[in-house]
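Here is how the chains run, residue by residue.
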Amino acid sequence: MKCPFCGDVESKVIDSRPADDSARIRRRRECLNCGKRFTTYEIVETVPLMVVKKDKSREAFDREKLLQGLMRASYKRPVAYQTLEDIVDSIEQSLLSSYEREVTSMAIGELAMAELQKVDEVAYVRFASVYRQFSDINTFMDELKGLLSHQGLGDGKKK
């Protein structure tokens, strides 16, 4: 580590502790040349997760974009903001732990729909209608029928 006072590259670590966010380590160092002390922060370097979109273009994964989509689908629904945050955290963790550096937007959408379906069916259908780009009422009805049959409500009555 280069000393900010004299420029020498030899220093020793005097103290190490987690920083406020626990994602970084704060290190107190002493220059072996001039004896002055300085602080450095160490973070884990992460490789960005890239999203391959439908048109084959690529962009960095943006958790805020996913969260905004879930919020739009859950608008005026009894879904807590923290629940949506938890869904995004779960999806992001799942994607990062897969060790794949590229993921399709389609795969992210499927994960989001699976999570929304557990939380709120209306939000799920809203998200699916945008994500799957229903071309007509028949494809929309097919999705609803699939949802109903999945719950054992195919005839519209609870069993």
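Refer to the structure above for everything that follows.
In this report, the structure presented in the accompanying data block is examined. These numbers were taken from a predicted model, which means no experiment stands behind them. (Residues numbered from 1 in each chain as written. Predicted model: local features only at pLDDT ≥ 70, side-chain atom pairs only at ≥ 80, totals over all residues. Heavy atoms only, no water.)

## Considering the sheet that holds strand 1 (residues 11–18)
Sheet strands associate in pairs through backbone hydrogen bonding, adopting either a parallel or an antiparallel arrangement.
Thinking step 1. Ordered in space as 1-2-3, the three strands form an open sheet in which the pairing is antiparallel. Since the sheet does not close on itself, it has two edges, and those belong to strand 1 and strand 3 (37–43), each with one partner. Across the sheet, the mean angle from the axis of one strand to that of its neighbour is 30 degrees, orientation sign disregarded.
Thinking step 2. As paired elements, strand 2 (residues 24–31) and strand 3 share seven bridges and run antiparallel to each other. (Pairing = 2+ DSSP bridges. Helix = DSSP H or I, 4+ residues; strand = E, 2+ residues; numbered from the N terminus. Axes fitted to C-alpha atoms, helices over the stretch in contact; angles between N-to-C directions.)

## Quick look at the sheet that holds strand 5 (residues 58–60)
Thinking step 1. Taken in spatial order, the three strands line up as 5-4-6 in an open sheet, and their pairing is mixed. On the outer flanks of this sheet lie strand 5 and strand 6 (102–104), each paired with one strand and no other. For this sheet, the mean angle separating the axes of adjacent strands, direction not counted, is 35 degrees.
Thinking step 2. In this structure, strand 4 (residues 50–52) lies alongside strand 6, joined through three bridges in parallel fashion.

## Here we look at the pattern of salt bridges
Thinking step 1. Inspection of every chain in the model, using the stated rule, returns eleven salt bridges.
Thinking step 2. Of the charged contacts, one joins Asp15 and Arg17 as a salt bridge, the two residues approaching to 2.7 Å between their closest N and O atoms.
Thinking step 3. Relative accessible area serves as the criterion here: at 27%, Asp15 is assigned to the partly exposed category.
Thinking step 4. Exposure remark for Arg17: the relative accessible area of 44% places this residue in the partly exposed category.
Thinking step 5. Linking Glu30 and Arg37 is a salt bridge whose minimum nitrogen-to-oxygen distance equals 3.2 Å.
Thinking step 6. Among the residues examined, Arg37 registers a relative accessible area of 46% and is labelled partly exposed.
Thinking step 7. What emerges from the salt-bridge pattern is a single network uniting Arg63, Glu85, Asp89 and Glu92. (Salt bridge = Lys/Arg side-chain N within 4 Å of Asp/Glu carboxyl O. Buried < 20%, exposed > 50% of the residue type's maximum accessible area, 1.4 Å probe, protein only.)

## Some points on the packing of helix 1 (residues 63–73) against helix 4 (residues 121–131)
Thinking step 1. Where helix 1 meets helix 4, the axes come as close as 8 Å, and the angle between the chain directions of the two elements is 120 degrees. Here helix 1 lies oblique to helix 4, going by the angle between them. Crossing hand, helix 1 versus helix 4: right-handed. Counting all contacts with helix 1, which are made through Gly69, Leu70, Arg72 and Ala73, the residues of helix 4 involved are Ala123, Arg126 and Phe127.
Thinking step 2. For the contact of helix 1 with helix 4, the residue count by class is four nonpolar, one polar and two charged. (Parallel < 35°, antiparallel > 145°, perpendicular 65-115°, else oblique. Left-handed = near helix turned anticlockwise from the far one by under 90°. Contact = heavy atoms within 4.5 Å. Nonpolar A, V, L, I, M, F, W, Y, C, P; charged D, E, K, R; others polar.)

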